[in-house]
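# Breakdown of the fold
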Amino acid sequence: MMHKVEKVETDVLVIGGGIAAAFAAYRARRSGARVLLVDRSYFGRSGCSALASGVYPTYMPGDKEEDWIQGLGAGPLVNQRLLVKSLPVMYEHLMTMDRWGVKWMKEGKEIVRMGAPGRTFKNGAWMTEGGPQMMMAVRAGVLESGVQTLNRVAITELLTSDGTLPTEGQVTGAVGFHVRDGGIYSIQAKATIVCTGPYKFPYPWPGSTLGYMPIDLSGDGIAMMLRAGAQLSRLELGGINLNPDHLLCAPGLESLMPSGARFVDKNGRRFLENYDPKRMEMTSRALLYFAISHQKELGNVPSMDLRGIASERLELLKKVIPIIISNYEGLGVDITKEPVPYSYQVAGTSGIFGAGARITEQGETTITGLYAAGGCTDNAYLPGGHLSFCSTTGHWAGEAAAAFAARSEQGTFLPQQVQQAIEAIELPLIRTDGLDYEPVHRRLGEMLMEKVGLVLRADRLQYAIDKLLEMRETEISRLHARDYHELAKVCGLQQYCQVLEATLRAYLYRTESRVAFIREDFPVIDNVNWVKMIVVQRQGKNLKLWDEPIPEYFHIVPVRPTQNLHLVFRNATPAAHSKALGS
Amino acid sequence: MPKVEINKAACTGCGVCVETCPTDVLRLDKHGMAFAAYEADCQGCFICQWDCAYEAIRVRIRGGQEIDA
């Protein structure tokens, strides 16, 4: 049905095309490995990084480590020691990208940094031509180092030394197909690094206005690692977030807020005075989300007012966040004349907090030969999925994978496993009585919005899990694809459903409420029970979940007590609210 | 849903947009001109517009009808 199989061999295979993949490939290549980077889209244009909001949070010599810990790493689930270790790496990347031609905002020859909401100090380097320019410059630098690339090849399955999934052995490469000509690629690698980025909740279907771009974050890499037997963690904390209703792109808070954007109500009053009068718009993201949602519920029409931004700065912002400004204009709003109505909806991007493969400080997963970095991982419990933490985990994974490849032979190549993977890819193409992709995707999304949503509850979650399993059996596994382009979407949805099951089970497992994770049936903050990692692993055909304590060595300074304001949100009962507030 | 408009007079058929579109929306037609073969998958990211050296592409986001109170 499809084209002949092209067999490729390399030392290190990198799957993905964003900033984590770029630095993983670059560091592996610099360590002497032959590197092949395979991207479902186009290296430098796929996923989140090219659409980034123009800010690279970075350390610079002279910064106090304590400021970084207090500013970004004071939560109980953050590995503060690793955060400190990451600081010089992100500065090195800043300088490397400068050399590659990324256009940073400078005063004279010095890169300057700006503040951002929730930060206690200025740490954001601005890209004066935004994410699109940043990633094309990074791409050029990485290619110049000798990294080979395969674009438009969707990897669908990892290969293993024992030919089984989950494996008792090690990962030996991967199989995928070209999304335009259907060519099959079988790639043998001594080490494989998955950098496929985060996944969305729910996964937006064409035409839906859910969440922001990129719209195609199906969690392919996370699903492949799960099937191979890798442990995943933090799934329950990554998949829910609050996004602006009326923008199809990222909110851009990191550059808009320090530029003078204001949140106002229908009377033009800056309502953040009620929530955080000291920091106002520079308050934490969590509190911003809460305040906006709360104002929306009160009928106060929360809006973003950009009229206070000086015209010179506005011209700069059009370049730093071109996609965001273009989207505002596309909405038909003159941002220089009127506030933009703003509210938040459920729609998460897991990479914001880090959710996916459990990785060590060297980017190792729990399977030999398999490494991971960036948004498809738990971020090794770094504070979040900022570009700089993605590039940093990519750096570490690239070096470790290259070192592993240098001391390893190619693993056993099992043609039978490749054949099985190819047959799985082809099924939707040869299925003549299959179901159409789009209605099934929409039904799944609508079910998730109705049953899961922002406020979680055990009975609804269980319903969603049961329904998902039923849909997987009766619909998702019966989809057909009319061409290779649609085949990529069908494969993506199939992968997504596996990550989704793991995520919903992790939601059910965590029985506390905090920040954007809200359990209606467990509304009270539980500072003891909260501090743990929830791990998901496929064992045989089933998913097994358990929890482990957060290692004590993570914390250099005592963790900050958590605010209770979020518990006012929506369905928390007054009694639970009073209890949480200690009254 | 975003609309991708190609100015046929300005398009040189260089194929850069076809190469770089993140969601694989664009193709070259039989005359060698870019067109939105899978417009329903356009996410409105403006990458094609940004990458086109000839200013031949314009992406239009749905208007403001959904802005409510």
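Every value quoted in this text rests on a predicted model; they were computed, and no experiment measured them. (Residues numbered from 1 in each chain as written. Chains lettered and ligands numbered in written order. Predicted model: local features only at pLDDT ≥ 70, side-chain atom pairs only at ≥ 80, totals over all residues.)

A few words now on the overall build of chain B. Within chain B, the secondary structure is distributed over two helices and four strands. For chain B, the N- to C-terminal ordering of α and β elements is β-α-β-β-α-β. Across the 69 residues that make up chain B, the buried fraction comes to 39%. Considering only contacts within chain B whose residues lie at least 6 apart along the sequence, 49% involve residues at least 24 apart. (Helix = DSSP H or I, 4+ residues; strand = E, 2+ residues; numbered from the N terminus. Buried ≥ 20, exposed ≤ 12 C-beta atoms within 10 Å, placed from the backbone. Contact = placed C-beta atoms within 7 Å.)

With that settled, consider the interface of chain A and chain B. If you look at the interface, chain A gives 27 residues, while chain B gives 22 residues. Element by element, the count of residues in the side of chain A that touches chain B is highest for helix H10 (residues 322–330) of chain A, at five residues. Its residues assigned to classes, the side of chain A that touches chain B shows 16 nonpolar, nine polar and two charged. (Nonpolar A, V, L, I, M, F, W, Y, C, P; charged D, E, K, R; others polar.)

This part is about the sheet that holds strand E6 (residues 113–114) of chain A. Residues and elements named next belong to chain A. Strand order in the open sheet formed by three strands is E3-E7-E6, with antiparallel pairing between adjacent strands. Here the strands that pair on one side only, and so sit at the sheet edges, are strand E3 (55–57) and E6. Sheet topology note: the E3/strand E7 (residues 124–126) ladder contains three bridges and is antiparallel. Bridging across to E7, Val55 finds its partner in Trp126. (Pairing = 2+ DSSP bridges.)

Turning our attention to the packing of helix H2 (residues 65–72) of chain A against helix H3 (residues 80–100) of chain A. Relative orientation and spacing of two packed helices are given, respectively, by the angle between their axes and the distance between those axes. Residues and elements named next belong to chain A. Orientation of H2 relative to H3, taken along the N-to-C sense of each, is 125°, at an axis distance of 10 Å. Judged by the inter-axis angle, H2 sits oblique to H3. The handedness of the crossing between H2 and H3 is right-handed. Contact residues: Glu65, Trp68, Ile69 and Leu72 in H2; Gln80, Leu83, Val84 and Leu87 in H3. (Axes fitted to C-alpha atoms, helices over the stretch in contact; angles between N-to-C directions. Parallel < 35°, antiparallel > 145°, perpendicular 65-115°, else oblique. Left-handed = near helix turned anticlockwise from the far one by under 90°.)

Residues and elements named next belong to chain A. Val12, Val14, Ala24, Ala25, Ile193 and Ala401 are the most contacted members of the largest nonpolar core, which has 185 residues in total. It is helix H15 (residues 484–509) that provides the largest number of residues to this core, a total of 14 residues. Setting aside residues no more than four positions away along its own chain, Ala25 makes contact with Val14, Val35, Leu37, Val142, Val147 and Gly398. (Core = buried A, V, L, I, M, F, W, Y, C linked by C-beta atoms within 7 Å.)

A few words on the pairing of strand E24 (residues 532–539) of chain A. Residues and elements named next belong to chain A. Here strand E13 (residues 232–233) pairs with E24 via two bridges, running antiparallel. Counterpart to Leu232 in the pairing with E24 is Val536. As paired elements, E24 and strand E25 (residues 542–549) share eight bridges and run antiparallel to each other. Bridging across to E25, Val535 finds its partner in Trp546. Counted between consecutive antiparallel strands, the loop separating E24 from E25 contains two residues, among which Gly540 sits at a positive phi close to 65°.

A separate point is the environment of Phe290 of chain A. Assignment of secondary structure puts Phe290 of chain A in helix H8 (residues 285–297). Sequence spacing of Phe290 of chain A and Ile193 of chain A is 97 residues, and the spatial spacing of their C-alpha atoms is 37 Å.

Moving on, we come to the environment of His386 of chain A. Residues and elements named next belong to chain A. Position of His386 relative to the elements: it lies in the loop between strand E21 (370–372) and helix H11 (387–406). Under the C-beta neighbour-count criterion, His386 is labelled buried, with 26 such atoms within 10 Å. Put simply, His386 and Ile325 are 61 residues apart on the chain and 21 Å apart in space, counted from C-alpha to C-alpha.

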